[in-house]
Amino acid sequence: MEGALLLIVILGAAGTMHLGEACGEQTCPAAPDGLVNVHLIPHTHNDVGWLKTVDQYYYGAQNYIQHAGVQYILDSVISQLLLDAKKRFIYVESAFFWRWWSQQSEGLKKDVRNLVQEGRLEFINGGWTMNDEAATHYSSIIDQMTLGLKFLQSTFGECGRPRVAWHIDPFGHSREQASLFAQMGYDGLFFGRLDYQDKENREKNKQMEMVWRGSDDLNPPVADLFTGVLPNGYNPPNGFCWDQFCSDSPIMDNPLMEDYNADAVVTNFLSVVDQQSQHYRTNHLIMTMGSDFQYENANLWYKNMDKLITLVNAKQTNGSKVNVFYSTPSCYLNFLNRANMSWPIKTDDFFPYADGAHMFWTGYFTSRPAFKRYERLSNNFLQVCNQLEALTGMAARNGPYGTGDSSVLRRAMGVAQHHDAVTGTAKQAVADDYNVRLYKGWDSCQTLISNALSNLMGTKENFVFCTLLNISVCPFSEAAKTFNVILYNPLGRSVTWNVRLPVSGRKYLVLGSSGEPIRNEVVPVSEFTKAVRRDKGQAEQELIFQAEIPPLGISKFAIGALTTQGLFVKPKKLLQHPNSIQNQYYQVDFDPGTGLIAGIRNLEKGISLPLTQSLYWYKASAGNAGSAQVSGAYIFRPNQTEVEHVTQKVQTYLVENSLVQEVYQNFSSWCSQVVRLYKDQRYVELEWTVGPIPIGDGQGKEVISRFDTKLQTDGGFYTDANGRQILQRRRNHRETWELEQTEPVAGNYYPVNSRIYIKDKDTQFTVLTDRSQGGSSITDGSVELMVHRRLLLDDSRGVGEPLFEPGQYGEGLVVRGRHLLLLDSPRDAAEQHRLLAVQEYMSPQIILSSTDGAPYYKGNPSRTQFSGLQAALPPNAHLLTFALREPNKVLIRLEHPFQGQESSNYSQPITVNLQTLFSTVSLSDFIETTLSANEEKNKVKRMSWRTGKSSPSLADIAHSALDPSNVTLNPMEIRTFLATIHYKSQVWESR
Ligand SMILES: *[C@@H]1O[C@H](CO)[C@@H](O)[C@H](O)[C@H]1NC(C)=O
Ligand SMILES: *[C@@H]1O[C@H](CO)[C@@H](O)[C@H](O)[C@H]1NC(C)=O
Ligand SMILES: [Zn+2]
């Protein structure tokens, strides 16, 4: 008996060791050198919401909309894999796999773990979703990848770590995404969509596969990513689709049958192989065998591929050189790597994407602008939630306000990054579902934040979250005679923030955190705002004051209404348009005739720029003889290059006090703007309100804000990639091929996630956005951003609905947003736009409370100010992530937000001491990881690739031992750490 037991134990141990080594390269099929090796990649593409919601897709509900059920796909594929050791499958979207996994039996889970160990079920990409690349912000891309990869790591260990990035469907590809993937440890990227002219060219020149250099700042090969364009998008070659959704003939291989077609299928396949070989460099070919929601009945696919493999390989005895087998993208990539060839290098990006003449996918850069803003704001809120969870620990998850955590919002944000979510290309009902998910995430975070604030501030108060302040709605501040304003600043440096709250009183006393009176002003709520908020709020006034908030910290202000009467200054209704407004830093001039902006001056730098700004719209095309393509959710196609004016002349009025100067411009019943300069503010703010876009004339409209200057820009302009590095654009030009331009406007649109600028030798004009939008420079000296679009036709890319957005009242959605204008010398411009962009996506969070709060934590004096840091971080060290990963482990990312050379002050390496960074928590056991936190940095072994230029191999990058007290960041670098966190018991006595 004892002997038998021992034997089992030994076998168990040996078995584990064997399994531990199994996945990876050694599980790849044999592929002899003298043959053309065809890698069949069985795969399914599962959209995390599009025509149906993510849950409907998972369960296979509402199949009358689209027949699709992810749970059945996984059931079917897994049972096929378990039946036959030759078969392989890849799975991509962790949001779905996570749903499926939680419902499986232990027995099946064990089987699936084995399949993963054997490399037959391989996770590819592995983010929560396959994120969009045009409308996404880097902060959220990193978070959603980290979320999915963490699930895979904790479920499957090292064999569950994807090596290959797989962006087969996103509508264009960003350079920053390539850089991020490289830093996450991926060996390669495959995608399906690129401009049709680019593809033709690459096929002709055998440039379908390349090394994409994702950054000019990070030392090669840190941001280099091997990148392959797939031959057929992500579909199988024509004639070889064997899913239940396809209509190609199955292989009928009994020669006695009348419809016998096996020989014809083989001949056809060999000719496809021959064709494809002409576009690729090695003797390996990749074929994606699958498509949207395929493999629900996996037997259909596998049965026919089994036959194809047998029949094609049998020809080898007759001298055929074609060898076909089941494979995975990482096995294919291994063979390419072993080929040891020199690959072309690419440094620009794959925007914009067109799948034919007049068919530019540049509308989705702007589609659903309200959702795009909610998504960006939700990232802001998630970072606040993460930080307060990490600063407070378990007391934040479970406290006087109940239970809440950051995971609901993190998953909702993961879903929102999907390439039909933040893009605005899902059906309206699905877009509604994305909104609901975010809303529920906010709800859980609000509970967490209440617990955390109560803990950190030492009192139990009635916390109120007013989320409609942008339209001056907050029933609490409107009704309360006295209340508190608590501001949390998620930045590592202190900020000055302009608080603006709807109130019903006319005079207020505002006390700062040390009881000092704070200057404040009361201004009337504008008619523009009243028209948007309707009966949601009644406040006639807004209270404005300036708040200073410490790094990673809290400031609390006490507000009280005064009864003094008669001092209220009504805004001047002007008979004439104002000539100008100004603060210490900026002046804005207006045209006395039209009321439009006529110029901007940076008073500090002595730079003036004559500039006209107005709102216009493009008539959406309904198709014409040249092309039937219409403008829709994906595609932007204006009817003509010329824009329509919303108006030539606006009505204006001025609000002026010690804290703010504002010119209100009324363009039309559905279009208005406020030009604003707060005291001490180093930029000009334009708050635009657009909608409901009228469509009574039967004309779809795409509204832009355009700035026209005399700057000599020679066709050039600059846009950011995912809020991070800057790319230079040139009108009617592409870096790597001779463009034949078919759309002079839409074909020059690019994604703007955070900024667009133009410059000449002496002057740079920059516009910062509060969400992703499409933008361009259609004539020299001009910059435009598309702010809203409402369309009457579907653009035939599958969504099957016009982008109509009826909004809450059924009349058309009203959208409000801000553009921040900066004027500077090109040499100094980066300093402001970098710092401001970081501040914009990590803004302070406002929480209100009643004044009857009482001390809550025993022995814990209540306080009115708090900082989570011992000292502020310098401006070029940004705390990108501070989040609990496990109850006692935190995830920390430090980022250098500047590119090299762009700022004389800040484009320098910067050193941070992580050990003494935080004030109320201490950290130990630091481990540096890849960007996605699923592999230790010093264990990373990425493949190295030869390019024409000599590029250093990875071995050249030294893995020096980590000293957490001396963490150096170089321009554009993000460093990621895991550490153990210790909560000091006397949090409240530390200040
Ligand atoms: C623009 O509209 C006009 C008038 O309907 C039509 O003749 C023309 O073909 C349209 N052009 C495009 C590109 O849609
Ligand atoms: C910090 O690290 C850098 C290298 O990264 C090194 O040159 C420097 O001497 C270190 N400083 C201290 C105080 O250890
Ligand atoms: Zn898709």
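Residues numbered from 1 in each chain as written. Chains lettered and ligands numbered in written order. Predicted model: local features only at pLDDT ≥ 70, side-chain atom pairs only at ≥ 80, totals over all residues. Heavy atoms only, no water.

Another aspect to go through is the side chain of Arg-885. Tracing the backbone through its elements, the reader meets Arg-885 in strand S44 (residues 878-886). Put simply, Arg-885 is tucked away with no salt bridge, and the nearest opposite charge, on Glu-886, sits 5.1 Å away. At 3.1 Å, the side chain of Arg-885 forms a polar contact with the backbone oxygen of Ala-933. The residues contacting Arg-885, other than those within four sequence positions of it, are Thr-146, Lys-150, Gln-153, Val-890, Leu-891, Ala-933 and Leu-978. (Helix = DSSP H or I, 4+ residues; strand = E, 2+ residues; numbered from the N terminus. Buried < 20%, exposed > 50% of the residue type's maximum accessible area, 1.4 Å probe, protein only. Lys, Arg positive; Asp, Glu negative; His and termini not counted. Salt bridge = Lys/Arg side-chain N within 4 Å of Asp/Glu carboxyl O. Polar contact = N/O pair within 3.5 Å; in protein donor to acceptor, adjacent residues only side chain to side chain. Contact = heavy atoms within 4.5 Å.)

Along the chain, the position of Ser-903 falls in the loop between strand S45 (889-895) and strand S46 (910-912). Residue classification places Ser-903 among the buried residues on the basis of a relative accessible area of 4%. The sequence separation of Ser-903 and Leu-456 amounts to 447 residues, and the corresponding C-alpha distance is 37 Å. Contact partners of Ser-903, with chain neighbours within four places excluded, come to Glu-831, Phe-898 and Gln-908. Of the polar contacts made by the side chain of Ser-903, one reaches the backbone nitrogen of Asn-905; its length is 3.3 Å.

So, about the sheet that holds strand S28 (residues 651-656). The sheet built from nine strands is open, its strands ordered S28-S29-S30-S31-S40-S37-S36-S33-S34 with antiparallel pairing. Two strands close off the open sheet at either side, each with one partner strand: S28 and strand S34 (726-730). Neighbour to neighbour, the strand axes of the sheet diverge by 20° on average, direction disregarded. Here strand S36 (residues 755-759) pairs with strand S37 (residues 764-769) via five bridges, running antiparallel. (Pairing = 2+ DSSP bridges. Axes fitted to C-alpha atoms, helices over the stretch in contact; angles between N-to-C directions.)

This next bit is on empty space enclosed by the protein. If you walk through the whole model with that rule in mind, you get five cavities of 30 Å³ or more. There is about 140 Å³ of room inside the largest cavity. In terms of lining residues, the largest cavity is bounded by 19 residues, among which His-137, Arg-755, Ala-837, Val-838 and Tyr-841 are the most central. Those elements that provide at least two residues to the lining of the largest cavity are helix H12 (369-392), S37 and helix H18 (829-841). Top element by residues in the lining of the largest cavity is H18. It accounts for five residues. Estimated volume of the second largest cavity: approximately 60 Å³. Considering the residues around the second largest cavity, the lining is formed by Leu-491, Gly-492, Arg-493, Leu-835, Val-838, Leu-873, Pro-874, Pro-875, Ala-877, His-878, Leu-879 and Pro-897. At the level of elements, H18 and S44 are the ones that each hand at least two residues to the lining of the second largest cavity. Looking at side-chain class alone, the lining of the second largest cavity contains nine nonpolar, two polar and one charged residues. (1 Å grid on protein atoms, 1.4 Å probe; cavity = no way out; pocket = protein on both sides within 12 Å on 5 of 7 lines; lining within 4 Å. Points joined across faces, edges and corners; volume = space filled by probe spheres on them. Nonpolar A, V, L, I, M, F, W, Y, C, P; charged D, E, K, R; others polar.)

Turning next to the site of ligand 1. Ser-621, Gly-623, Asn-624, Arg-637 and Asn-639 make up every residue found near ligand 1. Within the side chain of Ser-621, a nitrogen or oxygen atom sits 2.6 Å from an oxygen atom of ligand 1. Protein burial of ligand 1: of its 360 Å² of free accessible surface, 47% is covered by the chains. Taken together, the residues of the shell around ligand 1 sort by class into no nonpolar, four polar and one charged. (Near = heavy atom within 4 Å. Areas by Shrake-Rupley, 256 points an atom, 1.4 Å probe, with all protein chains shown as cover.)

Surrounding the zinc ion (ligand 3) are the protein donor atoms His-45 (NE2), Asp-47 (OD), Asp-169 (OD) and His-419 (NE2), at 2.0 to 2.1 Å. Positions of the donor residues of the zinc ion (ligand 3), expressed as sequence spacing, correspond to H-x1-D-x121-D-x249-H. Pair noted here: Asp-47 is in the loop between strand S1 (36-42) and helix H2 (54-59) and His-419 is in the loop between helix H14 (407-416) and helix H15 (428-457), with a separation of 372 residues, a long-range link. Relative accessible area serves as the criterion here: at 1%, Asp-47 is assigned to the buried category. (Donors = N, O, S within 2.8 Å, 3.2 Å for Na, K, Ca; no water.)

What follows concerns unusual backbone geometry. The residue after Phe-351, namely Pro-352, is reached through a cis peptide bond having omega -10°. Here Pro-352 lies in the loop between strand S11 (345-346) and H12. For the peptide bond that leads from Gly-691 to Pro-692, omega is -5°, which places it in the cis range. Positionally, Pro-692 belongs in the loop between strand S31 (684-690) and strand S32 (701-709). Phi is positive for His-358, close to 70°, though the residue is something other than glycine. When you line up the elements, His-358 lands in the loop between S11 and H12.

To continue, consider the nonpolar core. Inside soluble globular proteins, nonpolar side chains tend to come together where they are buried. Ranked by size, the top nonpolar core spans 240 residues in total, and within it Phe-97, Leu-121, Val-485, Phe-765 and Phe-882 carry the most contacts. Split by domain, this core shows at least three residues from each of two domains, domain 1 (2-29 + 36-346) and domain 2 (869-983). Aside from chain neighbours lying at most four places away, what touches Phe-765 is Ile-600, Leu-609, Leu-611, Phe-707, Leu-711, Ile-756, Tyr-757, Ile-758, Val-783, Leu-821 and Leu-822. Counting 14 residues, the second-largest nonpolar core is a separate cluster that includes Trp-617, Val-646, Val-650 and Cys-671. (Core = buried A, V, L, I, M, F, W, Y, C linked by side-chain atoms within 4.5 Å. Domains from an automatic or database assignment.)

The next point concerns the confidence of the model for the protein chain. Across the protein chain, the average pLDDT comes to 94, with 94% of residues at or above 70. Of the regions scoring below 50 in pLDDT, residues 1-21 engages in six contacts with residues more than four places distant in sequence or in other chains. Contacts for the low-pLDDT stretch residues 986-991, under 50 throughout, to residues beyond four places or in other chains number 14 contacts. (pLDDT = per-residue confidence, 0-100.)

One key point about sheets: their strands pair by backbone hydrogen bonds, in either a parallel or an antiparallel sense. Reading across from one edge, S17-S21-S20 is the order of the three strands in this open sheet, with antiparallel pairing throughout. Both outer strands of the open sheet, strand S17 (495-503) and strand S20 (520-524), are each paired with one neighbouring strand and no more. In this sheet, neighbouring strand axes are inclined to one another by 30° on average, regardless of whether the strands run parallel or antiparallel. For S17 and strand S21 (residues 541-549), the ladder comprises nine bridges, and the chain directions are antiparallel. Bridge pairing links Val-503 to Gln-541 in S21.

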